[in-house]
Amino acid sequence: MEKDRKMMMFCLLLAAISSPVFTGEWNASVAKNLDALVTSCVVIPCSYTHAKDELPHSRLRGIWHRSTNQDQRIYHEDKTMILENFRGRTKLLGNLGQGNCSLEMIEIRDVDNGPFCFRVELVATGTETSKMDKFSFVDSCVNFTMTTEPPKPTLIPPKTAIQGHPYTITCLVRHTCSSHIPKLTWSRGTAEEITEVHREIHQGTWEAQSTLMFITEEKDNHTDITCTAEFFGGTTSTEKLTLHVKRKENHNHIIILAVVGIGTAVIFTGLCIFMMKKYFMMKK
Ligand SMILES: *[C@@H]1O[C@H](CO)[C@@H](O)[C@H](O)[C@H]1NC(C)=O
């Protein structure tokens, strides 16, 4: 009985010590799943909060490691602490002091699938920082879905192309490397005819968009328009579309047809009347 009581007291004490660290005080949000294009790059969005007021950047240490082993670090401010095959490929983009722990990884290899987890530590300055201030958000890890083929851009053309009218076509491609946006290029068009938009679809997944607008001419009929996406690292993908330009509606031919039609009718009627008159006159 006495033993049980002691055990319970010990547990309560342990819970009391650890609770400020493990409940509520620290909070991190990391993208759960991201596509990763081999040879290209990925930016993992990551943010965290700490109940204590603004923490000085100099006292914080952000670490990214493999989920299986905290010592398998893929990012650390001290390069010698990083696994050799990740050295020089990872960079913290965010400001740790502002709760931003976003990580950039370049030259993605097909073995880089993770999961990778973020950990933040308060760097001890003398005695004030206890060991308990170190914390790892083991629940906040990211998984990569590796792709070796770059995604193809999507083309959104207007319903019809009419000669002499503006033609607006959009090219879209998704990516996960917001620090190096894929370049979208068209097979035709000048800078004034192209507008670009970049937006986040969901946490960490972005869409680059390019819109081309030009006036269609007769010579554009049966020509191809291509949009090429060049991803960081150099891989490219292309989508193509063939233009079918409708000729401008011309009312002249309708008028000519009508005039000819009416003219013919008048002549025929006149001829008929003339013939009938002659016929009756002969009968008399
Ligand atoms: C974190 O930093 C990255 C890189 O500078 C930036 O793109 C992103 O918007 C920041 N995130 C937040 C939540 O401020």
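Cut-offs and rules
- Residues numbered from 1 in each chain as written.
- Predicted model: local features only at pLDDT ≥ 70, side-chain atom pairs only at ≥ 80, totals over all residues.
- Heavy atoms only, no water.
- Helix = DSSP H or I, 4+ residues; strand = E, 2+ residues; numbered from the N terminus.
- Buried < 20%, exposed > 50% of the residue type's maximum accessible area, 1.4 Å probe, protein only.
- Contact = heavy atoms within 4.5 Å.
- Areas by Shrake-Rupley, 256 points an atom, 1.4 Å probe, with all protein chains shown as cover.
- Pairing = 2+ DSSP bridges.
- Axes fitted to C-alpha atoms, helices over the stretch in contact; angles between N-to-C directions.
- Near = heavy atom within 4 Å.
- Polar contact = N/O pair within 3.5 Å; in protein donor to acceptor, adjacent residues only side chain to side chain.
- Nonpolar A, V, L, I, M, F, W, Y, C, P; charged D, E, K, R; others polar.
- Core = buried A, V, L, I, M, F, W, Y, C linked by side-chain atoms within 4.5 Å.
- Disulfide = S-S within 2.5 Å.
- Salt bridge = Lys/Arg side-chain N within 4 Å of Asp/Glu carboxyl O.

A. Quick look at the overall build of the protein. For the protein, the helix and strand inventory stands at two helices and 19 strands. Taking all 284 residues of the protein together, the buried fraction comes to 36%. Across the protein, the fraction of contacts at a sequence separation of at least 24, relative to all contacts at a separation of at least 6, is 63%. With the model as given, the accessible surface of the protein reaches about 17900 Å², and the carbon-plus-sulfur share is 58%.

B. The arrangement of the sheet that holds strand β7 (residues 90–92) in detail. Pairing is antiparallel across the open sheet formed by three strands, whose spatial order is β3-β8-β7. The open sheet has two edge strands, β3 (42–44) and β7, and neither has a second partner. The average angle at which neighbouring strand axes cross in this sheet is 20°, direction not considered. Sheet analysis places β7 next to strand β8 (residues 103–105), joined by three bridges and oriented antiparallel. Note that in β8 the partner of Thr-90 across the bridge is Met-105.

C. How the structure looks around the site of the ligand. In the region of the ligand, the neighbouring residues are Leu-93, Gly-94, Asn-100 and Ser-102. Between the ligand and Asn-100 there is a distance of 2.4 Å, counted from an oxygen atom to a side-chain nitrogen or oxygen. For the ligand, whose accessible area on its own is 360 Å², the fraction buried by protein is 34%. In terms of residue class, the shell around the ligand is made up of one nonpolar, three polar and no charged.

D. Seen up close, the nonpolar core. Grouped together as the largest cluster of nonpolar side chains are 28 residues, with contacts concentrated most on Ile-44, Tyr-48, Trp-64, Phe-116, Phe-118, Val-142 and Phe-144. A total of four residues in this core trace back to one element, the largest contributor, which is strand β9 (residues 116–122). Among the nonpolar cores identified, the runner-up in size contains 19 residues, and Leu-37, Ala-161, Leu-184 and Leu-243 belong to it.

E. Up close: the state of the cysteines. Applying the stated criterion to the full structure yields four disulfides. Covalently, Cys-46 is tied to Cys-101 through a disulfide, its sulfur atoms 1.9 Å apart. On the sign convention where negative means left-handed, the S-S torsion of about -80° between Cys-46 and Cys-101 marks this disulfide as left-handed. Highlighted residues: Cys-46 in strand β4 (residues 46–50) and Cys-101 in the loop between β7 and β8, separated in sequence by 55 residues. Residue classification places Cys-46 among the buried residues on the basis of a relative accessible area of 4%. Residue Cys-171 pairs covalently with Cys-227 via a disulfide, S to S 2.0 Å. Torsion about the S-S bond of the Cys-171 and Cys-227 cystine: about -85°, corresponding to left-handed handedness. Residue Cys-171 is found in strand β13 (residues 166–175), and its partner Cys-227 is found in strand β17 (residues 224–230); the two are separated by 56 residues along the sequence. Summarising the burial analysis for this pair, Cys-171 and Cys-227 share the class buried.

F. Expanded view of the pattern of salt bridges. Under the criterion given, the structure shown has 13 salt bridges. Put simply, Glu-217 and Lys-219 hold a salt bridge, and the shortest N to O gap is 3.7 Å. For Glu-217, a relative accessible area of 42% gives the class partly exposed. One salt bridge in this structure joins Asp-224 and Lys-240, with 3.5 Å as the shortest N-O distance. Placement of Asp-224 in strand β17 and of Lys-240 in strand β18 (residues 236–242) is noted, with a sequence separation of 16 residues between them. Taking the relative accessible area as the measure of exposure, Lys-240 reaches 52% and is therefore exposed.

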